Amino acid sequence: MSTEFNELLPVSHGDKAQVWIVGTREQVTHLMNEFYVKKIAKDRLHFTPIIPAPFANGKYMSVLVR
C-alpha cells in the first residue's frame, strides 16, 4: 500500500484494530448497518465516511476502527 493512500485515510494507525469494508455502496452501507445491529460496532460514528476505493474501480470502502 502506498504512502499517498495511507495519508488519505482519516484514521490513526495506533493500537486500534481496523475492519475494512469494500464493495458496492449498497453492500458497504448494508454491512455497516449489520455491524451496528449485531453490536460489533457500538456506534456508526466508529466508521469512516464511505469513499471510493482507490484500488478498485466502481467499489467503495469504509473502515471500522475499534
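For the structure, check the block above.
What you are looking at is a predicted structure, and each value in this text was computed from that prediction instead of being measured.

A.B. asks: What am I meant to see in the packing of aromatic side chains here?
C.D. replies: Aromatic ring pairs are defined here through the distance separating the ring centres and the angle between the ring planes. Inspection of the entire model under this criterion finds 1 aromatic pair. If you follow R25 out to its NZ or CZ, it ends over the ring of Y60, 4.6 Å from the centre.

A.B. asks: Mind showing me how you'd approach the nonpolar core here?
C.D. replies: As a rule of thumb, nonpolar side chains are buried together in soluble globular proteins. Listed in full, the 7 residues of the largest apolar core are I21, V28, M32, F35, A41, F47 and L64. With sequence-adjacent residues up to four places away left out, M32 is seen in contact with I21, F47, I50 and S62. One finds A53, A56, V63 and V65 within the second-largest nonpolar core, a separate group that totals 5 residues.

A.B. asks: Would you mind going over unusual backbone geometry with me for this structure?
C.D. replies: Residues apart from glycine generally show negative phi values, whereas peptide bonds are mostly found in trans. Backbone geometry at K39 places phi at a positive 65 degrees, although glycine is not the residue there. Locating K39 in the fold gives a position in the loop between α2 (25–37) and β2 (51–52).

A.B. asks: Please explain α2 as it appears in this structure.
C.D. replies: Since the α-helix turns once every 3.6 residues, residues separated by three or four places project in the same direction. With 13 residues, α2 ought to run about 18 Å at 1.5 Å a step, and its terminal C-alpha atoms sit 18 Å apart, in line with that. Three or more residues of α2 are buried, namely V28, M32 and F35. When α2 is viewed along its axis, its buried side chains cluster within an angular range of 65 degrees and face the same direction. Structural note: α2 exposes E26, H30 and V37 on the side pointing more than 90 degrees away from its buried face. Those residues of α2 that are buried lie in contact with β1 (18–23) and β3 (60–65). Just downstream of α2, K39 is the residue with a positive phi angle, here 65 degrees.

Each value, and the rule that gives it
Residues numbered from 1 in each chain as written. Predicted model: local features only at pLDDT ≥ 70, side-chain atom pairs only at ≥ 80, totals over all residues. Heavy atoms only, no water. Phe/Tyr/Trp six-rings, centres within 6.5 Å; stacked < 30°, edge-to-face > 60°. Lys NZ or Arg CZ within 6 Å of the ring centre and 35° of its normal. Core = buried A, V, L, I, M, F, W, Y, C linked by side-chain atoms within 4.5 Å. Buried < 20%, exposed > 50% of the residue type's maximum accessible area, 1.4 Å probe, protein only. Contact = heavy atoms within 4.5 Å. Helix = DSSP H or I, 4+ residues; strand = E, 2+ residues; numbered from the N terminus. Expected span 1.5 Å × (residues − 1). Arc of directions from axis to C-beta.

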